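Results of the structural survey
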Amino acid sequence: MTTGRWQLAHGRHLDLAGKAVIVGILNVTPDSFSDGGLFVAPEQAIAQARRMVEEGASVIDVGGESTRPGASPVAIEEEQARVLPVIEALAGLGEALISVDTYREDTARLAVAAGAHILNDVWGLQREPGIARVAAETGAGLVIMHTGRDRQKLPDVIEDQFFFLEKSLEIARRSGVADNQIVLDPGFGFAKETAEENLDLMARFSELDVLGFPLMAGTSRKRFIGAVTGRDASGRGAGTAATSVILRLKGAQLFRVHDVAINVDALAVADAMLARETAA
């Protein structure tokens, strides 16, 4: 398990050497797969962010474009109109660190100016590599996510992780991003089409530790959990918490979730067991 201090924008940091870190998902979109339309209005979004902070989220990840399979792209102006007022308002409250879920360089730059501390790119810097320059220039934390969309994947689930993420890391380093700004996300559900592929990625998750970066798990309410449990997206909180525990024991430090409270409790048990193992 790689640990350390994650350097963020605006002189902030996040220690990853202790307990699991919860990243609360805040979709300010009408069409996200499980909560689309619930938090479109800024006042609704801010109220939800505050609820997640009260339940134990350390980071709020604000997204203005749905990343579900088949979702329609959103114009950059619309994305910015959705996320920037919410980021600015949350920054004014000062209750949590703020992440922006975007792959666009211009949105990333404006989001950091509005108060965001972290850039979360679901295309792993390979759609708009300039987002790495924003991280380098602003000192923002950078989540680099693996995806298999729009390309031919390698047949082995871990080999494909290395193939994609090593290219992303090269983009980051060429742009001047420091290693201590980077967190990696293996991208559960992003062109991992079957439950078996996602379960294989979970089973072999600890192999990613060789990359030497902290790891974030984003399994929340994903379709493969529904395939295992038989529940629709709104009923996958317990299944998500089970995956969080498994992945914590396999080395994940950050957990991007919709349902904060149940994951806080589940991960508290995992952390207690890890602490006992260390003390033994």
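Parameters and conventions
Throughout this description, residue numbers start from 1 for each chain and increase along the sequence as written. Selection of residues for local features in this predicted model requires a pLDDT of at least 70, selection of side-chain atom pairs for listing and counting requires 80 or more, and totals for whole chains, interfaces and linings are taken over all residues. Water and hydrogen atoms were dropped before computing side-chain values, which therefore reflect all heavy atoms in the structure. UniProt positions are given in the numbering used here, feature names are shortened, and annotations may be inferred rather than shown by experiment. Helix and strand assignments follow DSSP, with helices taken as H or I runs no shorter than four residues and strands as E runs no shorter than two, numbered in order from the N terminus. For a helix, the expected span equals 1.5 Å multiplied by the residue count minus one. A 1.4 Å probe rolled over the protein chains alone gives each residue an accessible area, and that area as a share of the maximum for its type sets the label: buried under 20%, exposed over 50%, partly exposed in between. Think of the arc as the fan of directions from the helix axis to the C-beta atoms. We count a salt bridge whenever a side-chain nitrogen from Lys or Arg sits within 4 Å of a carboxyl oxygen from Asp or Glu. For this analysis, a polar contact is any N or O atom pair within 3.5 Å, provided that within protein one partner can donate a hydrogen and the other can accept it, and provided that sequence-adjacent residues contribute only side-chain to side-chain pairs. Note on contacts: a residue pair qualifies if any of its non-hydrogen atoms lie within 4.5 Å across the two residues. Buried residues of nine kinds, namely Ala, Val, Leu, Ile, Met, Phe, Trp, Tyr and Cys, make up a nonpolar core once their side-chain atoms join them within 4.5 Å. Of the grid points, spaced at 1 Å and generated over the protein atoms alone, those admitting a 1.4 Å probe that cannot get out make up cavities, while open sets with protein on both sides within 12 Å along at least five of seven lines make up pockets; any residue with an atom within 4 Å of a point is treated as lining. Grid points are joined across faces, edges and corners, and a volume is the space filled by probe spheres set on the points.

Per an unreviewed UniProt entry, the protein chain goes by the name Dihydropteroate synthase and belongs to Mesorhizobium prunaredense. Entered under Cofactor (unreviewed entry) in the UniProt record, the comment concerning the protein chain runs "Mg(2+)". One UniProt comment on the protein chain, placed under Catalytic activity (unreviewed entry), says "(7,8-dihydropterin-6-yl)methyl diphosphate + 4-aminobenzoate = 7,8-dihydropteroate + diphosphate".

This brings us to the environment of Glu54. The topology assignment puts Glu54 in helix α1 (residues 42-55). As a C-alpha pair, Glu54 and Glu95 span 41 residues in sequence and 9.3 Å in three-dimensional space.

The next subject is helix α9 (residues 260-279). The end-to-end C-alpha distance of α9, which contains 20 residues, comes to 28 Å, matching closely the 28 Å that a straight helix rising 1.5 Å per residue would cover. Here α9 has its buried residues at Val260, Asn263, Ala266, Leu267, Ala270, Asp271 and Leu274. The arc enclosing the buried residues of α9, seen along the axis, measures out at 145°, which places them on a common side. Residues of α9 that are exposed and angled more than 90 degrees away from the buried face: Asp265, Val269, Arg276 and Ala279.

Time to look at the pattern of salt bridges. If you walk through the whole model with that rule in mind, you get 20 salt bridges. Arg50 is paired through a salt bridge with Glu95; the nearest N and O atoms lie 2.6 Å apart. In this pair, Arg50 sits in helix α1 while Glu95 sits in the loop between α2 (76-93) and β5 (97-101), placing the two residues 45 residues apart along the sequence. Taking relative accessible area as the criterion, Glu95 reaches 36% and is therefore assigned partly exposed.

Before going further, it helps to spend a moment on the side chain of Glu65. When you line up the elements, Glu65 lands in the loop between β4 (59-63) and α2. The class of Glu65 is buried, set by a relative accessible area of 14%. Among the polar contacts listed, one links the side chain of Glu65 to the side chain of Arg104, at a separation of 3.1 Å. Ignoring sequence-local partners within four residues, the contact set of Glu65 consists of Thr29, Pro73, Val74, Tyr103 and Arg104.

A few words on the nonpolar core. Counting residues in hydrophobic clusters, the biggest one holds 62 residues, and the most contacted among them are Leu26, Val62 and Leu119. Here this core takes seven residues from helix α5 (residues 157-174), the largest share from any one element. Counting residues in hydrophobic clusters, the runner-up holds 13 residues, among them Leu8, Leu14, Leu16 and Leu254.

The tally for this structure, following the rule as stated, stands at three cavities of 30 Å³ or more. Space inside the largest cavity adds up to approximately 70 Å³. Every residue lining the largest cavity is listed: Ala49, Arg50, Val53, Ile60, Leu90, Leu93, Glu95, Ala96 and Ile98. The element best represented in the lining of the largest cavity is α1, accounting for three residues.

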